[in-house]
Amino acid sequence: MAERIVETVIFSSRWLLAPFYVGLVLALGVLLLKFMQELLHFVSHSFRATEADIILGVLTLVDLTFTGSLVVIVIFSGYENFVSKIDMAQTRDWPEWMSKIDFTGLKLKLMSSIVAISAIQLLKIFMDLKNISDREVAWYVGLHVVFVVSGLVFALTDRFGEGGHGKSHGDKPQPHL
């Protein structure tokens, strides 16, 4: 009896994560406000901006978009993996990928998004090299390399964890011998 009560409390504790995901929805709204601010600034200065300024402005918008996409991935995948399944039948335009991401897929998508965001930041740095010290450039490059290597290590450990068998859509996991 006591074991069942403890298990019920532990199982129910997953709902403590729900406010975190609601908080991420609010953070997504704040990110949208920042995107709109940057878009307004970008458009209002576009006629007198140089080509490099236009490219930097576009990269900033892409960076914010990737960050927003990353937050959405975390919200949906995290909620579905750790809190509760979402009824896909209620929504016609439900993206198919959202119901198929497990923790491993979430981890790899997060890492690849972080690498993409880092690459965009690095590209912005390279577009503005004359205003950035060599030391700062070295730090940005070093951090980007760390993110790339971390992503590769995650992918390799997941690959080895599957016993070296890759899975494609519709494949069943291979039994380990």
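Residues numbered from 1 in each chain as written. Predicted model: local features only at pLDDT ≥ 70, side-chain atom pairs only at ≥ 80, totals over all residues. Heavy atoms only, no water.

Caption draft 1: Spatial organisation of the overall build of the protein chain. A count of helical and extended segments in the protein chain gives five helices and zero strands. Counting from the amino terminus, the protein chain carries its helices and strands in the arrangement α-α-α-α-α. Counting only residues that meet the buried cut, the protein chain has 21% of its 177 residues in that class. For the protein chain, contacts bridging at least 24 residues in sequence account for 66% of all contacts bridging at least 6. Of the roughly 12700 Å² of accessible surface on the protein chain, a fraction of 68% belongs to carbon and sulfur atoms. (Helix = DSSP H or I, 4+ residues; strand = E, 2+ residues; numbered from the N terminus. Buried < 20%, exposed > 50% of the residue type's maximum accessible area, 1.4 Å probe, protein only. Contact = heavy atoms within 4.5 Å. Areas by Shrake-Rupley, 256 points an atom, 1.4 Å probe, with all protein chains shown as cover.)

Caption draft 2: The pattern of salt bridges, seen in detail. Per the stated rule, a full pass over the model turns up one salt bridge. Across the salt bridge formed by E38 and K34, the nearest N and O atoms sit 3.7 Å from each other. Of the two residues, E38 and K34 are both situated in helix α2 (residues 18-45); the distance of four residues between them amounts to about one turn of the helix. Here E38 falls in the partly exposed class, since its relative accessible area comes to 23%. With relative accessibility at 37%, the residue K34 sits in the partly exposed group. (Salt bridge = Lys/Arg side-chain N within 4 Å of Asp/Glu carboxyl O.)

Caption draft 3: Molecular detail of the packing of aromatic side chains. Applying the stated criterion to the full structure yields two aromatic pairs. Between the aromatic rings of W15 and Y79, the centroid separation amounts to 6.3 Å while the plane-to-plane angle is 75°, which identifies the pairing as edge-to-face. Of this pair, W15 sits in the loop between α1 (2-12) and α2 while Y79 sits in helix α3 (residues 51-82), and the two are 64 residues apart along the sequence. Relative to Y79, the ring of Y21 lies with its centre 6.3 Å away and its plane at 85°, an arrangement referred to as edge-to-face. In this pair, Y21 is assigned in helix α2 and Y79 in helix α3, connecting sequence segments 58 residues apart. Accessibility expressed as a relative area gives 10% for Y21, which makes it buried. (Phe/Tyr/Trp six-rings, centres within 6.5 Å; stacked < 30°, edge-to-face > 60°.)

Caption draft 4: Local environment of the side chain of D63. By the secondary structure assignment, D63 is in helix α3. There is no salt bridge for the buried D63, and the closest opposite charge comes from K124, which lies 4.1 Å off by N-O distance. With sequence-adjacent residues up to four places away left out, D63 is seen in contact with I117, I120, Q121 and K124. (Lys, Arg positive; Asp, Glu negative; His and termini not counted.)

Caption draft 5: Spotlight on the environment of L70. Relative to the elements of secondary structure, L70 occurs in helix α3. Residues L70 and I114, spaced 44 residues apart in sequence, show a C-alpha to C-alpha distance of 8.1 Å. In contact with L70, other than residues within four places in its own chain, are L110, S113, I114 and I117.

Caption draft 6: Region of the structure containing a nonpolar patch on the surface. Together, L123, F126, L129, V141, V145, V149 and V153 make up an exposed nonpolar region whose accessible area comes to about 550 Å². For the nonpolar patch, the secondary structure elements donating two or more residues are α4 (103-127) and α5 (134-161). Looking at which element gives the most residues to the nonpolar patch, the answer is α5, with four residues. Among the residues examined, V153 registers a relative accessible area of 45% and is labelled partly exposed. (Patch = residues over 30% accessible without salt bridge, like charges linked within 9 Å, V, L, I, M, F, W, Y side chains within 5 Å.)

Caption draft 7: How the structure looks around the confidence of the model for the protein chain. When pLDDT is averaged across the protein chain, the result is 81; 82% of the residues are at 70 or more. For the protein chain, per-element mean pLDDT is lowest for α4, which scores 79, and highest for α2, which scores 95. Low pLDDT, under 50, characterises residues 168-177; the stretch is placed with five contacts to residues that sit more than four places away or in other chains. (pLDDT = per-residue confidence, 0-100.)

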